Amino acid sequence: MAVRGTVELDFELVDQLIEREERALAEKHGRSMAYRAEASRHLAGGVSSSWQAAPPHVVYVTHGRGSKIYDLDGNEYVDYHLGYGVMVVGHAHPKVVEAVQRRVALGSHFAQPTEEATAVAEELARRFRLPLWRFGNSGTEATLDAVRLMRAATGRDLVIKVEGTYHGHHDSLMVSVVPDPELNGPRERPVSVPQTRGLPQAFVDLVRVVPFNDLQAVERVFAEEEGRVAGMIVEPAMMNCGVILPEPGYLQGLKDLCHRHGALLAFDEVKTGATIAAGGAVEAFGVVPDLVCLAKAIGGGLPVGAIGGTEETMGLVARGEIDQQGTFNGNPLTMAAARATLLEVLTPEAYRRLDEINAILVEGCRAVIERYRLPAYVVGLGAKGSVIYSSTPVREFRDAVAIDERISYLAWLWQQRRGVFKSPWAKYETWTTSVAHSDEDARRYVENFEELAAALTS
Ligand SMILES: Cc1ncc(COP(=O)(O)O)c(C=O)c1O
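Rules behind the numbers
Residues numbered from 1 in each chain as written. Predicted model: local features only at pLDDT ≥ 70, side-chain atom pairs only at ≥ 80, totals over all residues. Heavy atoms only, no water. Pairing = 2+ DSSP bridges. Helix = DSSP H or I, 4+ residues; strand = E, 2+ residues; numbered from the N terminus. Axes fitted to C-alpha atoms, helices over the stretch in contact; angles between N-to-C directions. Contact = heavy atoms within 4.5 Å. Salt bridge = Lys/Arg side-chain N within 4 Å of Asp/Glu carboxyl O. Buried < 20%, exposed > 50% of the residue type's maximum accessible area, 1.4 Å probe, protein only. Polar contact = N/O pair within 3.5 Å; in protein donor to acceptor, adjacent residues only side chain to side chain. Disulfide = S-S within 2.5 Å. Phe/Tyr/Trp six-rings, centres within 6.5 Å; stacked < 30°, edge-to-face > 60°.

Asker: Looking at this structure, how should I read the sheet that holds strand β9 (residues 291-294)?
Answerer: One key point about sheets: their strands pair by backbone hydrogen bonds, in either a parallel or an antiparallel sense. Here we have seven strands laid out as an open sheet, ordered β4-β10-β9-β8-β7-β5-β6, and mixed in their pairing. Since the sheet does not close on itself, it has two edges, and those belong to β4 (132-136) and β6 (207-210), each with one partner. The mean inter-strand angle of the sheet, taken between neighbouring strand axes irrespective of direction, is 20 degrees. Where strand β7 (residues 229-234) lies against strand β8 (residues 264-268), four bridges are found, and the strand directions are parallel. Bridge pairing links M232 to L265 in β8. Sitting on the sheet, helix α11 (residues 311-318) is in contact with β4, β8, β9 and β10 (305-309), with an inclination near 60 degrees to β4.

Asker: What should I look at first to understand the pattern of salt bridges in this one?
Answerer: Pairing is possible between side chains of opposite charge, provided their charged atoms come close. Enumeration over the complete set of coordinates arrives at 26 salt bridges. Here D214 makes a salt bridge to R187, at a shortest N to O gap of 3.0 Å. One end of the pair, D214, is in the loop between β6 and α8 (215-224); the other, R187, is in the loop between β5 (158-162) and α7 (201-204), with 27 residues separating them in the sequence. Through salt bridges that share partners, R20, E21, R417, R418 and E451 make up one connected network.

Asker: In this structure, what is going on with the side chain of D214? I would like to understand it.
Answerer: The exposure class assigned to D214 is buried, which follows from its relative accessible area of 14%. Polar contacts involving the side chain of D214 include one to the main-chain amide nitrogen of Q216, which spans 3.1 Å. Once residues within four sequence positions are removed from consideration, D214 is found in contact with R187 and Y250.

Asker: Even after reading the chapter, I still don't get the pairing of β6, so can you show me in this structure?
Answerer: Regular strands place side chains that alternate from one sheet face to the opposite one. Covered by surrounding structure in β6 are V207 and V209 together with R208 and V210, the residues of both alternating faces. Summarising the sheet, β5 and β6 pair through four bridges and their orientation is parallel. Considered in β6, the bridge of I160 is made with R208.

Asker: What am I meant to see in the state of the cysteines here?
Answerer: Every disulfide links exactly two cysteines, by a covalent bond between their sulfur atoms. Applying the stated criterion across every chain yields a total of zero disulfides. Considering cysteine sulfurs only, C293 is the nearest to C258, which forms no disulfide, with 14 Å between them. With no disulfide partner, C365 has as its closest neighbouring cysteine sulfur the one in C241, 19 Å distant. The exposure class of C365 is buried, given its relative accessible area of 0%.

Asker: Explain the packing of aromatic side chains here, please?
Answerer: The geometry of an aromatic ring pair comes down to the distance between the two centres and the angle between the two planes. For the structure shown, the criterion picks out nine aromatic pairs. Between Y77 and F421 the ring centres are 5.2 Å apart and the planes differ by 90 degrees, which places this aromatic pair in the edge-to-face class. A residue pair is termed long-range when its members are at least 10 positions apart, and Y77 in strand β3 (residues 76-79) and F421 in strand β13 (residues 420-421) qualify at 344 residues. On the accessibility criterion, Y77 (0% relative accessible area) is buried. Accessibility expressed as a relative area gives 6% for F421, which makes it buried. Ring centres of Y409 and W412 lie 6.3 Å apart, and the angle between their planes is 25 degrees; this geometry places the pair in the stacked category. One end of the pair, Y409, and the other, W412, are both in helix α15 (residues 405-417), three residues apart, so they sit about a helical turn from each other. For the pair formed by Y409 and W412, the shared burial category is buried. Put simply, the rings of W51, Y84 and Y166 touch in pairs and so form one group of aromatic residues.

Spelled out as structure tokens, the structure:
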């Protein structure tokens, strides 16, 4: 039923448009589609990560420059996928390229510390207001380290996580990421659901799941599990159901609750870190947790993870009381790219520019929504944003999954056919912008969106 003042979407029309767009994209991606068969002979499914096999078909990319990427068929796109939000520096940024080239000529790996890592740790300490840092190679490693640290520091085993958030693919947190509605139980008391086959129930039993933006639910878990909770990990603004912002007081409330019960709070800033502001959610929302997990954008395109924390948490690592290790941790190439990214590219001026670009996207899409009376709204923050196809605010995962996903899938196909690449699995993804995006790039997104709005309401 349409909410007063908005049009009701005709899903028969949506289905027809999906079919039309899929057909047109298949024509545009003939070489990619043929290549998948060849790639699949020895590369499982023809891709290196299951997410790369997003419907309607795999698109193989050849190269990228600035705000653009190019596929095997020679198509050009303005890139808002940016490798799941990594390339905020834009593709092949000259300063990152130069830093990596300089470093590779001096040797790319020693598994001994080099000076680059010190500079990066210093900059992260400044941005995220936490004194001690270590590096890894992915967001998965960062959140794995966070869970282990919370357990080690408290001597407890249980961890609280939010329903519908993804924290990487290790066993401790692959729980209730996109839980089956048949299995996930009541909203106030969600059941912990394993996200994949192969996850031992013993791991699932160590995770208690709560809805986002609900302090009472967290309080209830602490009351039920008094003295057993090591800590809570939270994505401070959810970035995989569109963008869902924390309500005022939520993050500080979590910190207070955790500390009152002798537990710790970790922010998973793999997506928000260095993108929504220089100091991520710590800066944007003014709450400093015990631990911050970073990855993606801080590495300028090289594989990176980082964990930072207080003396009480990371001090355990510094004193050798807990091991935090990895052959490639602090890899000099990665650190050279991260140093150039954080100190030379993502400057205060760059963040001002990201805000300007996002304003064009947010205001442009908002105007289209009003003009065509779509049941939708827009959220934007720093380099991130999203159109959410709901006329009521989405506060948590269950609100997001209640939206008919055909509309966001159509929006994704629509943009791609018209030269704009967004993250696959569109229902759950946001846009990311880079310092290389031009006003024209942003207007292109808005123009495509307007064309879609016209088609939906014709
Ligand atoms: C919030 C969040 N945490 C952790 C991860 C895992 O990061 P990675 O894919 O680098 O292991 C992701 C990946 O998308 C993420 O979005």
